[in-house]
Amino acid sequence: MIDLFQKFSMPVRSVHPFNSVFPLFRYWKLAAAITAQTMALASCTGPPMAVEEMSAALSAELASASAEAAEPVALSNGFSSAVARAVETNTGYRATLAHEREAASRVGVVSSVRWPQLNANANLGGLRELDSAVDTMTGISGGIILSQLIYDGGESTAAINRATAEALGAQAQRFVHANTLALEVAQAWIDVWQFDQRVRLLRSRISEMEAMVSQMERMAANGFVDRAALDSARRQIVDVQLEETRLLADLANAKVRFRQHFRQVPGRLSEPALIVTPALARSQASAWRNAPSLKVRAASLISARHGVTEAEAAFRPRLRVQTGLRTPMNTTDPASGNLGLGFDFNLLDGQRRVYQLEAAIARRAALEDQLQEEQAQLEAELAAALERLAGIERSLPLVAEQIRLSASEAETSRSQIATGQSTLRQLVEAEVENYRAQDRQIAVLAERHSLLLTIAARTGELSRRIGLKTERPSKEHGPVTLARQD
């Protein structure tokens, strides 16, 4: 045992005890100089912000964001043009464009691992062995390493395919947001138009009926009209007047949404143009499998499947060819180079890869079910919308006929009331029925506009019909294509 101890103790030289125990004290000047330079470089980046400073910066950012309001949307170019412009200038839509570009850039990030990697490093300072009596060497040493990945078990290919699917999903998500936003903007216009029209109609007809009742009151004073019939007529007019409160509340709500999207108070709006015909809506509904919302789900599912492949590849080794050159700090020493095959394999990681694979498989299963659920829900939603649209199309001629008949009945009652062939109650009932038929016509027309735009929005056709300008990711990222899975 003593011989073994002496054998391993042979390289240790006998030196002064102070030098052997506290050798670093000889280099305190060098260490102090290097530390001072390091602190000086670190101070160039500036100190971190305190909590109070960060809070003030947040308040300033919020104030700046509130002040930078976009210009009002021009309404003079028509319904579809105004809707498209409102979507293009919407900050939420611009955010989805940025997310799409971000997702496209990530494809380039993960693809870079398949290209040669060139790294360089340098060391500026001093070097001295603690048990050596030679002078300290100062200067610069550096190196450069070139490596090329050969095999990684398909991890990089799966990562590229996953990022590509996510990029396509981000693009589809942008289409979903654009169509949803376009529907909200168009709905605000439709609601302002319909409730404004219905309020104007109600006030006009109430004014006419009140003038008619005032005339009847004079006749009642002379005994030509029964007082009970006059009170019944007034009750029907009050019932109609009560509807004005609800219509005004709906109109106020619609105006708030209109100002939010168009950034101005609505004036007298024209009826929205029919940018989607019933025939086009039915055609688009039959092609529901190409809806942007389904593409988002499908892209997420494809990404999850390649995520499983990526998790499985973590159980395989990684091989790379590597070559490098290293220059020493001592200029009298020669430089060194290397060329070889690098091999990496994780032998033990505490079951991390196993759990990652289980999570990836579970995510894939969840997204498969979500895609099927989204398909069934969209198909049922569009089928119900088409049935409702067909009912509206059948009811429009009937409502028009109801308006004609009630107007004719009111005119007949008005002409016969002086001769006693018609009563005041019958006349008021005919006038109220005519008003309700006209109000119903406006509401049905608005609902038809909404249904047509809803079908177009859910199938992704609305953004194309209004001529929405779409911004694509920069060409420098190259085409987004799936890599071949070997």
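Nothing here was measured: the structure is a model prediction, and the numbers come from that model.

J.: So what about the overall build of the protein chain? Which residues, and what values?
T.: Helices and strands together make up the secondary structure of the protein chain, namely 13 helices and four strands. Within the protein chain, contacts between residues separated by at least 24 positions form 83% of all contacts whose residues are at least 6 apart in sequence.

J.: Tell me what's going on with the packing of aromatic side chains, and back it up with residues and numbers.
T.: A full pass over the atoms with the stated rule returns four aromatic pairs. Note on Trp189 and Phe258: the rings are 6.2 Å apart at their centroids and 55 degrees apart in plane angle, and the pair reads as tilted. With Trp189 in helix 7 (residues 155–221) and Phe258 in helix 8 (residues 227–262), this residue pair connects regions lying 69 residues apart in the sequence. Classification of Trp189 as buried rests on a relative accessible area of 3%.

J.: Just give me the short version of the environment of Arg268, but keep the residues and values in it.
T.: One can find Arg268 in the loop between helix 8 and helix 9 (278–286). Here Arg268 falls in the exposed class, since its relative accessible area comes to 56%. It is 8.0 Å that separates the C-alpha atoms of Arg268 and Asp196, two residues lying 72 residues apart in sequence. Contacts of Arg268, omitting those with residues within four sequence positions, involve Asp196, Gln197 and Arg200.

J.: Residue-level account of the nonpolar core, with values.
T.: By size, the foremost hydrophobic cluster in this structure holds 69 residues, and its most contacted members are Phe262, Val276, Leu453, Leu462 and Ile466. Counting only elements with at least two residues in this core, the list comes to helix 5 (79–88), helix 6 (91–111), helix 7, helix 8, helix 9, helix 11 (352–416) and helix 12 (424–459). For this core, the leading source of residues is helix 7, giving 18 residues. Ignoring sequence-local partners within four residues, the contact set of Ile466 consists of Ser80, Val83, Ala84, Ala182 and Ile275. Grouped together as the second largest cluster of nonpolar side chains are five residues, Ala103, Ala163, Ala167 and Ala170 included.

J.: Explain empty space enclosed by the protein residue by residue, including any values.
T.: Counting across every chain of the model gives one cavity of 30 Å³ or more. Roughly 40 Å³ of internal volume is contained in the largest cavity. If you go around the largest cavity, the residues you meet are Phe79, Pro272, Ala273, Leu274, Ile275, Val276, His449, Leu452 and Leu453. If you tally residues by element for the lining of the largest cavity, the top one is helix 12, at three residues. Each residue belonging to the lining of the largest cavity can be placed in one class, and the counts come to eight nonpolar, one polar and no charged.

J.: So what's going on with the pattern of salt bridges? Residues and values would help.
T.: The tally for this structure, following the rule as stated, stands at 26 salt bridges. In this structure, the salt-bridge partner of Asp191 is Arg257, at a minimum N-O distance of 2.6 Å. Placement of Asp191 in helix 7 and of Arg257 in helix 8 is noted, with a sequence separation of 66 residues between them. Among the salt bridges present, the one from Arg404 reaches Glu401, with a minimum N-O distance of 2.5 Å. Note that Arg404 and Glu401 are positioned in helix 11 at a spacing of three residues, about one turn of the helix.

Reading the values: rules and limits
As a convention, each chain's residues are numbered from 1 in the sequence order in which they are written. At least 70 in pLDDT is required for a residue's local features to be given in this predicted model, at least 80 for side-chain atom pairs to be given and counted, and no such filter applies to totals for whole chains, interfaces and linings, which use all residues. Values reported for side chains reflect all heavy atoms of the structure, with hydrogen atoms and water molecules removed beforehand. The helix count covers DSSP runs of H or I at least four residues long, the strand count covers runs of E at least two residues long, and both are numbered beginning at the N terminus. By the convention used here, residues are in contact when the closest approach between their heavy atoms is within 4.5 Å. Centre distance within 6.5 Å is the pairing criterion for rings of Phe, Tyr and Trp, where only the six-membered ring of Trp is used; planes under 30 degrees apart are then read as stacked, over 60 as edge-to-face, and the remainder as tilted. Burial classes: relative accessible area under 20% of the type maximum marks a residue as buried, over 50% as exposed, and values in between as partly exposed (1.4 Å probe, protein chains only). The nonpolar core is taken to be a set of buried Ala, Val, Leu, Ile, Met, Phe, Trp, Tyr and Cys residues, with the residues joined through side-chain atoms within 4.5 Å. A pocket here means an open set of points on a 1 Å grid, computed over the protein atoms alone, that has protein on both sides within 12 Å along at least five of seven lines. A cavity is instead a set of points where a 1.4 Å probe fits but cannot get out; residues with an atom within 4 Å of a point line either one. Grid points are joined across faces, edges and corners, and a volume is the space filled by probe spheres set on the points. When residues are grouped by polarity, Ala, Val, Leu, Ile, Met, Phe, Trp, Tyr, Cys and Pro land in nonpolar, Asp, Glu, Lys and Arg in charged, and all others, Gly among them, in polar. Definition used for salt bridges: Asp or Glu carboxyl oxygen within 4 Å of a side-chain nitrogen of Lys or Arg.

By themselves, these are just geometric observations and shouldn't be taken as functional.
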